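# A closer look at the structure
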Amino acid sequence: MKSKLRLKQRKNLFIFFMLLPAVVIPLIFTYYPMIVGSKMAFQSYNLMNIKNIKWIGLGNFAKLFERSTSNSFYTTMWNTVKWVGISLFFQFTVGFALALLLKKKFKGSAVYQGLIFFPWAVSGFIIGIMWRWMFNGTSGVINDILVRFHLIEQPIGWLSEKSTSLLSAIIANIWYGIPFFTIMITAALRGVPEELYEACDVDGANSLKKFIYVTVPSIRSVLVLTVMMRIIWIFNFPDLIYSMTQGGPAGSSNIITSYMMQLVQSLDYGLASAVGLLVILFLIIFTVLYLTATRFANSED
Amino acid sequence: MVKRKTKKKIGKTLKFIALAFNLVLVLFPFVWMLLTSLKGTQGEIYAFPVTYLPKKPSLVNYSSMLWKGNFGRYMINSLIVSITPAVFAVFFGVLAGYVISRYKFRMKGPLLLFFLITQMIPTFITLAPLYQMLSKWNMINKLSTLCLLYTNMMIPFSVVTLRSFFDGVPVSIEEAAWIDGCSRTKALFMVSIPVVKPGIAAASIFAFINSWNELFMAIMFIDVDKYKTIPVGLNALILKYDIRWGEMAAGTVMSLIPTMILFAFAQKYMIEGLTAGSVKG
């Protein structure tokens, strides 16, 4: 009896020490700062005015949602919706289409996959630099191509015009995100058992029917998960905008997280933390709703 | 029958064209950066209409980044802060991932949630408090601080990935080792870890690439030139009103080299690692 107890204790100790570093480090360097940061959201906390830190309740949030023409937070939120929605739609559809083409292995398909997967491993910051150069208003290669094909007459200041800066960043983001979907969906498609398609052949189903009744249901869980991961990720992804447009001109291409980065850099930590808290809140609500909705659909079929 | 065959052939050709077009689209930005970096004169770089191929390829942009700038130093710093998490985050990930996969214990559900939530916290909300904390501990402007922060950043992913790899290893092989008188720790290191090598490779590469790419923490916590990483160095160039695109392109190309090397040799593991977690469910 005694030895059994000691065995259990030893097992628990083993579990404890194995988990220790992986738990303690994030506690100190992610959770603790997050809690302090959440506290700052309710304080007037500006490093320019460090002597005057005080609790202001919801003051920072009130400032964010203030209805005035100089407040760009509403534009920023609307930009975020466009940024996530448009990027996701095209990343997903193009990625899916490519995956369908890549499903059957062909000579060199592994190399091909490797090549088109490469952008995924490059940082958003570098991608932004590359596209900033390509979208350059006076000597950019995109202007050059469009002029050569007579699609435009004069070079366009893609990143310096309010009407096109966010759009340019979205185009770069679509380009950047396609490989992720292609790789994930290709792997999933290759896992669908061939017999399912053969059964369809017997029934004389055409390709569209096969796609709707076999392909999509079989890889449904991968689709649900990748879309969710991607939405969270695009939402939390200011890097590309940061290096491409710096949120400009005049804040017209800011999304919520690049806006927050600017607030951090202007040392208004209180306001920045308020934005951060909104982001966390939104992502948690989104995740819960999304998972409930998709699980709900799951139990139906 | 014949009609069906030609139809198939047309389909195949269309598929080939689509894939080739896509390849061009994917590679063009990189090729364009390379071409720009090889152009020696400002006139050539900023010409419009664009001259696509450099008239006389020159390495002047590279040499000015390396010798006039401090890019070589940045590269070494970047290597240091990327290799450290590739080792430590993955080591901690192996330990925790193993226990989560193999043992039943009360806090398992909350523990997984603990790792999941870290992925949803925007870095920015932690930056300001981290800055205060680190300056109190005298840890600003140190490479070791970045090593620590990047290890922290990569722990959750490593844990989750390695756990799913351990899930794929049958318990029976460890049990056999226990029966032979192996201790738990010994069984882990001698039996299980060798089996999940692909998972370890994948997690290390992810940790390396993500740390290599990280920008915002590095900007926040490093402002001494000799400790700058590549992204911080490039950031200083891009914040200037007048960006010198030839040098910028050279810096970009150089920053891509390690990623390309990893891709050439270990791409299989990366795809495996990326798809392992979600495809297996």
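What you see is a predicted model, and the numbers here were worked out from it, not measured in a lab.

### Regarding the overall build of chain B
Tallying secondary structure elements over chain B gives 13 helices and zero strands in all. Along chain B, helices (α) and strands (β) appear in the sequence α-α-α-α-α-α-α-α-α-α-α-α-α when read from the amino end. Over its C-alpha trace chain B gives a radius of gyration of 24 Å, far above what one expects of a compact globule, namely 19 Å for 281 residues. By residue count, 42% of the 281 residues in chain B fall in the buried class. Within chain B, contacts between residues separated by at least 24 positions form 78% of all contacts whose residues are at least 6 apart in sequence.

### With respect to the overall build of chain A
Helix and strand content of chain A: 13 helices and two strands. Compactness check: chain A gives a C-alpha radius of gyration of 25 Å against a globular reference of 19 Å for 301 residues, more than 25% above the reference. For chain A, the spread of C-alpha atoms along the principal axes amounts to about 90 × 75 × 35 Å. Among the 301 residues that make up chain A, the fraction classed as buried is 39%. Partitioning the contacts of chain A with sequence separation of at least 6, the portion at a separation of at least 24 is 68%.

### Let's talk about the packing of helix α7 (residues 143–167) of chain B against helix α10 (residues 197–213) of chain B
Residue and element names in this part refer to chain B. Closest axis-to-axis distance for the α7/α10 pair is 9 Å, and the angle between their directions is 155 degrees. With respect to α10, the element α7 is oriented roughly antiparallel. Considering the relative orientation of α7 and α10, their crossing is right-handed. Residues Tyr 150, Met 153, Met 154, Phe 157, Ser 158, Thr 161, Leu 162 and Phe 165 of α7 pack against Gly 199, Ala 202, Ala 203, Phe 206, Ala 207, Asn 210 and Ser 211 of α10. When grouped by side-chain class, the residues that make up the contact of α7 with α10 number ten nonpolar, five polar and no charged.

### Focus on the nonpolar core
Among the nonpolar cores identified, the biggest contains 143 residues, and Met 260, Val 264, Ala 272 and Val 275 of chain A together with Ala 96 of chain B are the most heavily contacted of them. Look past the residues within four positions of Met 260 of chain A in its chain and what remains in contact with it is Ala 272, Val 275 and Gly 276 of chain A together with Pro 122 and Phe 124 of chain B.

### Quick look at the interface of chain A and chain B
Contacts between the two partners involve 64 residues from chain A, matched on the other side by 65 residues from chain B. Considering each element in turn, the side of chain A that touches chain B owes the most residues, 15 residues, to helix α1 (residues 2–40) of chain A. Of the residues contributing to the side of chain A that touches chain B, the split by class is 48 nonpolar, 14 polar and two charged.

### Examining the domain arrangement of chain B
Many structure descriptions define interface size as the accessible area lost when the parts assemble. Residues and elements named next belong to chain B. The domains assigned to chain B are domain 1 (2–37) and domain 2 (60–279). Each of domain 1 and domain 2 has a C-alpha centre, and the two are 34 Å apart. Residue-level contacts link four residues of domain 1 with eight residues of domain 2. When the residues that make up the side of domain 1 that touches domain 2 are grouped by side-chain class, the tally is two nonpolar, two polar and no charged.

### What about the confidence of the model for chain A?
For chain A, per-residue confidence averages 88 on the pLDDT scale, and 97% of positions sit at 70 or higher. Averaged over each element, pLDDT in chain A is lowest for helix α8 (residues 194–203) of chain A (81) and highest for helix α5 (residues 124–134) of chain A (95).

### Overview of the environment of Val 227 of chain A
Residue and element names in this part refer to chain A. Structurally, Val 227 is set in helix α10 (residues 220–235). Here Val 227 falls in the partly exposed class, since 16 other C-beta atoms lie within 10 Å of it. Here the alpha-carbon distance between Val 227 and Glu 153, two residues 74 residues apart in the chain, equals 39 Å.

### Focus on unusual backbone geometry
Cis rather than trans, the peptide bond between Phe 48 of chain B and Pro 49 of chain B has omega equal to 0 degrees. Note on placement: Pro 49 of chain B falls in the loop between α2 (42–45) and α3 (60–68). Within the chain, Ala 250 of chain A stands out as a residue other than glycine whose phi angle is a positive 55 degrees. Along the chain, Ala 250 of chain A falls in the loop between α11 (239–244) and α12 (256–265).

### Some points on the packing of α8 of chain A against helix α9 (residues 207–218) of chain A
Residue and element names in this part refer to chain A. The contact between α8 and α9 brings their axes to 11 Å, and the two run at 165 degrees. It follows from the interaxial angle that α8 and α9 lie roughly antiparallel. Note that α8 runs across α9; the crossing there is right-handed. Taken together, the residues of α9 that come into contact with α8 (itself represented by Leu 196, Tyr 197 and Cys 200) are Lys 210, Val 214 and Ser 218.

### Some words on α8 of chain A
Each full turn of the α-helix corresponds to 3.6 residues, which orients residues three or four apart in the same direction. By the criterion of burial, α8 of chain A is predominantly exposed, with just zero of the ten residues buried. Positive phi shows up at Gly 204 of chain A, right after α8 of chain A, with a value of about 75 degrees.

### Regarding the environment of Trp 245 of chain B
Residue position: Trp 245 of chain B is located in helix α13 (residues 245–279). Taking the C-beta count within 10 Å as the criterion, Trp 245 of chain B has 24 such neighbours and is therefore assigned buried. Taking C-alpha positions, Trp 245 of chain B is 17 Å from Val 232 of chain B, a pair spaced 13 residues apart along the chain. Sequence-distant contacts of Trp 245 of chain B, that is, excluding residues within four places in its chain, are made with Trp 133 of chain A together with Thr 36 and Ile 45 of chain B.

### Describing the confidence of the model for chain B
All names here are of chain B. Looking at chain B, pLDDT values average 88 and 97% of them are 70 or higher. Ranking the elements of chain B by mean pLDDT puts helix α8 (residues 172–179) last with 80 and helix α4 (residues 71–102) first with 95. At the level of chain-chain contacts, confidence expressed as ipTM amounts to 0.89, with global pTM at 0.89.

What counts, and at which threshold
Residues numbered from 1 in each chain as written. Chains lettered and ligands numbered in written order. Predicted model: local features only at pLDDT ≥ 70, side-chain atom pairs only at ≥ 80, totals over all residues. Helix = DSSP H or I, 4+ residues; strand = E, 2+ residues; numbered from the N terminus. Rg over C-alpha atoms; globule rule 2.2 N^0.38 Å. Buried ≥ 20, exposed ≤ 12 C-beta atoms within 10 Å, placed from the backbone. Contact = placed C-beta atoms within 7 Å. Axes fitted to C-alpha atoms, helices over the stretch in contact; angles between N-to-C directions. Parallel < 35°, antiparallel > 145°, perpendicular 65-115°, else oblique. Left-handed = near helix turned anticlockwise from the far one by under 90°. Nonpolar A, V, L, I, M, F, W, Y, C, P; charged D, E, K, R; others polar. Core = buried A, V, L, I, M, F, W, Y, C linked by C-beta atoms within 7 Å. Domains from an automatic or database assignment. pLDDT = per-residue confidence, 0-100.

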